[in-house]
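Inside the fold
Single-letter residue listing:
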Amino acid sequence: MTVHVSPMGLEPAFTSAIVVADERSSHVEPREALLDAAFGADRFEKTSERLREGRMPADRLALVATSGARLVGTVRLWNVTLGPDRPALLLGPLAVDGTVRAAGIGGLLMREAIERAREEGHRAVILVGDEPYYRRFGFAAAKMERLWMPGPVERSRFLGLELVPGALDGARGLVSPTGREVPRWQGLELGQAWRIAA
């Protein structure tokens, strides 16, 4: 599914409609540049990164927003388990080009990602982020108190969303990655090889 948004209200440089679609290989470089600009060089030190490193995003759940040829937003979801035998998704990172941050692109990406996750049969989504922002999409700290991440996390920022009622009831244990591993080439993950070559 592709979602189109009118460019009304965007700065003049963005005259094309905003299109939300599946991430492609041509988006890798601009996506990484956008994430570097949004989160800085220490983004790889975050606890959530421990669940993403060496893994591929969940199928159909790596999305970008573009305006013409320019990438202006990204969101990805990752397969995890919430303790033993409780599959879920980890959302993040979500980032939007700073020049269009007030245009609602982040919300558009979030709604599309959540709807796709529901369509794919996933039961719950978790994330680490600002509760006042993510509350509008249904995320809350409720039912997360018996889960822990593989590193430090502010409890007030550790949020969950049930796509199926009761999906987080009794959730307990370590959040662990379960997604497909990134292909390797000459002993390097292909993602690492790209960053070294860049």
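Provided above is the structure to which this section pertains.
What this report covers is the structure whose coordinates are included nearby.

**Some points on unusual backbone geometry**
Residues Gly92 and Pro93 are joined by a peptide bond in cis, for which omega reads -5°. Along the chain, Pro93 turns up in strand β5 (residues 87-96). Of note in the backbone geometry, Arg60 takes a positive phi value of approximately 65° without being a glycine. Mapped onto the elements, Arg60 comes out in the loop between α2 (49-52) and β3 (62-67). Overall, the relative accessible area of 33% leaves Arg60 in the partly exposed class. You will see that Lys143, though not glycine, has its phi angle at about 70°, which is positive.

**Thoughts on the packing of aromatic side chains**
For the structure shown, the criterion picks out three aromatic pairs. Relative to Tyr134, the ring of Tyr133 lies with its centre 4.9 Å away and its plane at 85°, an arrangement referred to as edge-to-face. On the accessibility criterion, Tyr134 (11% relative accessible area) is buried. Among the aromatic residues, ring-to-ring pairing joins Tyr133, Tyr134, Phe137 and Phe139 into one connected group.

**A few points about helix α3 (residues 105-119)**
The first and last C-alpha atoms of α3 sit 21 Å apart over 15 residues, in line with the 21 Å expected at 1.5 Å per residue. Along α3, eleven of the 15 residues are buried, which leaves the element largely enclosed by surrounding structure. If you check which residues of α3 are buried, you get Ile105, Gly106, Gly107, Leu108, Leu109, Met110, Glu112, Ala113, Ile114, Arg116 and Ala117. Backbone geometry just downstream of α3 places Gly121 in the positive-phi region, at approximately 90°.

Definitions and cut-offs
- Residues numbered from 1 in each chain as written.
- Predicted model: local features only at pLDDT ≥ 70, side-chain atom pairs only at ≥ 80, totals over all residues.
- Heavy atoms only, no water.
- Helix = DSSP H or I, 4+ residues; strand = E, 2+ residues; numbered from the N terminus.
- Buried < 20%, exposed > 50% of the residue type's maximum accessible area, 1.4 Å probe, protein only.
- Phe/Tyr/Trp six-rings, centres within 6.5 Å; stacked < 30°, edge-to-face > 60°.
- Expected span 1.5 Å × (residues − 1).

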